[in-house]
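# Observations on chain architecture
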Amino acid sequence: MRILLVEPNARKAEETTRHMEKAGFTVDHVDTGHDGLGMLKSYNYDLAVMEIRLKDLDGFEVIRVSRAARVPTPVLVLSDECDAATKVRAFSTGADDYVTRPYESMELTARMQAVIRRSKGYSEPTLRAGPLELCLDSRAVSVQGHCVHLTGKEYMILELLLLRKGMVLTKDAFLNHLYGGMDEPEMKIIDVFICKLRKKLQVAGAGQLIATVWGQGYVLRDETPPLSSTPFNAPVTQVTAA
């Protein structure tokens with residue numbers, strides 16, 4: 001999952017990024033409110049983790065403006081400010097959760113995962129499609145109880161497909177999710193990743209869960225469509241990278 005960290009203190013940002021990456025998150029860091037707003041409007045993040053005290057705009061204003069712009073990214077405030085009034089103001093502005101420093105890394109990870117699950121409409125950490133299961137907490141993938149070993153990029157693609165199950169995802173959306181607009185390879189790399197992922201899932205017995213929607217991208221369905229179906233029967237909902 002891709003996280004935007006908005007933190008002005010370099011030492012704290014480095015420490016928090018290290019914890020997040022160890023937990024399996026991909027992190028983009030900015031240190032000002034204006035940069036945070038720009039990133040939120042430009043890219044599809046799974047979560048923004050934000051300090052309230054920023055160099056320019058405060059965190060409240062970043063949340064308020066992003067909500068007014070209908071940016072759907074959930075926000076978890078991570079701050080030294082621990083008074084009740086600040087927390088109430090953050091929630092009233094549109095924050096989804098609030099964690100104070102010093103924090104336990106395991107608790108922060110759990111709170112982040114819970115916010116992301118709720119934002120996607122899931123009440124538990126396990127995502128399912130047919131015989132396939134993916135646990136967001138442990139990053140374990142299995143088919144009919146048997147573990148499927150994926151590379152980091154393959155896991156991120158499958159995770160995105162499951163979180164957006166039934167929605168057509170463009171190759172731009174995958175590139176944004178995997179690389180966040182930084183040092184992106186050629187778009188055809190997504191076809192390579194999808195091909196390898198399909199083979200691993202098929203060998204494990206998951207069948208044809210990932211369908212190609214010609215001219216648009218890929219979609220994950222719960223069940224393998226009938227042989228007579230064509231790719232154009234896929235849902236019309238489309239996720240694109242901003």
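Everything here concerns the structure above.
Attention in this report is confined to the structure presented alongside it. Since we're looking at a predicted model, the values are computed, not measured. (Residues numbered from 1 in each chain as written. Predicted model: local features only at pLDDT ≥ 70, side-chain atom pairs only at ≥ 80, totals over all residues. Heavy atoms only, no water.)

### Side note on the overall build of the protein chain
The number of helices and strands found in the protein chain is eight helices and 13 strands. Its C-alpha atoms give the protein chain a radius of gyration of 19 Å, within 12% of the compact-globule value 18 Å for 242 residues. Dimensions along the principal axes, computed over C-alpha positions, put the protein chain at roughly 60 × 35 × 30 Å. Each of the 242 residues in the protein chain was classed as buried or not, and the buried ones make up 48%. Relative to all contacts within the protein chain whose residues are 6 or more apart in sequence, the contacts with residues 24 or more apart total 58%. Entry remark: accessible area of the protein chain is about 11600 Å², with carbon and sulfur atoms responsible for 52%. (Helix = DSSP H or I, 4+ residues; strand = E, 2+ residues; numbered from the N terminus. Rg over C-alpha atoms; globule rule 2.2 N^0.38 Å. Buried < 20%, exposed > 50% of the residue type's maximum accessible area, 1.4 Å probe, protein only. Contact = heavy atoms within 4.5 Å. Areas by Shrake-Rupley, 256 points an atom, 1.4 Å probe, with all protein chains shown as cover.)

### Quick look at the packing of helix α2 (residues 33-42) against helix α3 (residues 59-68)
The contact between α2 and α3 brings their axes to 10 Å, and the two run at 25°. Viewed along their axes, α2 and α3 adopt a mutual orientation that is roughly parallel. In this structure, α2 crosses over α3, and the sense of that crossing is right-handed. Here α2 contributes Gly 33, Leu 37, Leu 40 and Lys 41 to the contact with α3, which in turn contributes Val 62, Val 65 and Ser 66. In terms of residue class, the contact of α2 with α3 is built from four nonpolar, two polar and one charged. (Axes fitted to C-alpha atoms, helices over the stretch in contact; angles between N-to-C directions. Parallel < 35°, antiparallel > 145°, perpendicular 65-115°, else oblique. Left-handed = near helix turned anticlockwise from the far one by under 90°. Nonpolar A, V, L, I, M, F, W, Y, C, P; charged D, E, K, R; others polar.)

### Some details on empty space enclosed by the protein
What the rule picks out here adds up to two cavities of 30 Å³ or more. Here the second largest cavity is characterised by a volume of approximately 40 Å³. In terms of lining, the second largest cavity is formed by Met 1, Ala 23, Gly 24, Phe 25, Gln 113, Leu 136, Arg 139 and Glu 159. Its residues placed into classes, the lining of the second largest cavity shows four nonpolar, two polar and two charged. (1 Å grid on protein atoms, 1.4 Å probe; cavity = no way out; pocket = protein on both sides within 12 Å on 5 of 7 lines; lining within 4 Å. Points joined across faces, edges and corners; volume = space filled by probe spheres on them.)

### Comments concerning the nonpolar core
Generally speaking, soluble globular proteins have nonpolar side chains that are buried together. If you look at the biggest cluster of nonpolar residues, it comprises 49 residues, and the most contacted ones within it are Ile 3, Val 49, Leu 76, Met 112 and Leu 158. With eight residues, the single largest contributor to this core is helix α6 (residues 152-163). Discounting residues that sit within four places of it in the chain, Met 112 has contacts with Ile 3, Met 20, Phe 25, Leu 47, Val 49 and Leu 76. Residues Ala 48, Val 62, Val 77 and Ala 90 belong to the second largest nonpolar core, which totals 22 residues. (Core = buried A, V, L, I, M, F, W, Y, C linked by side-chain atoms within 4.5 Å.)

### Thoughts on the packing of helix α7 (residues 171-179) against helix α8 (residues 188-204)
For any two helices packed against each other, one specifies the crossing angle of their axes together with the interaxial distance. Where α7 contacts α8, the axes come no closer than 9 Å and their chain directions differ by 85°. With respect to their mutual orientation, α7 and α8 come out roughly perpendicular. In contact with Lys 171, Phe 174, Leu 175, Leu 178 and Tyr 179 of α7, α8 contributes Ile 189, Ile 190, Asp 191 and Phe 193. The residue makeup of the contact of α7 with α8, split by class, is seven nonpolar, no polar and two charged.

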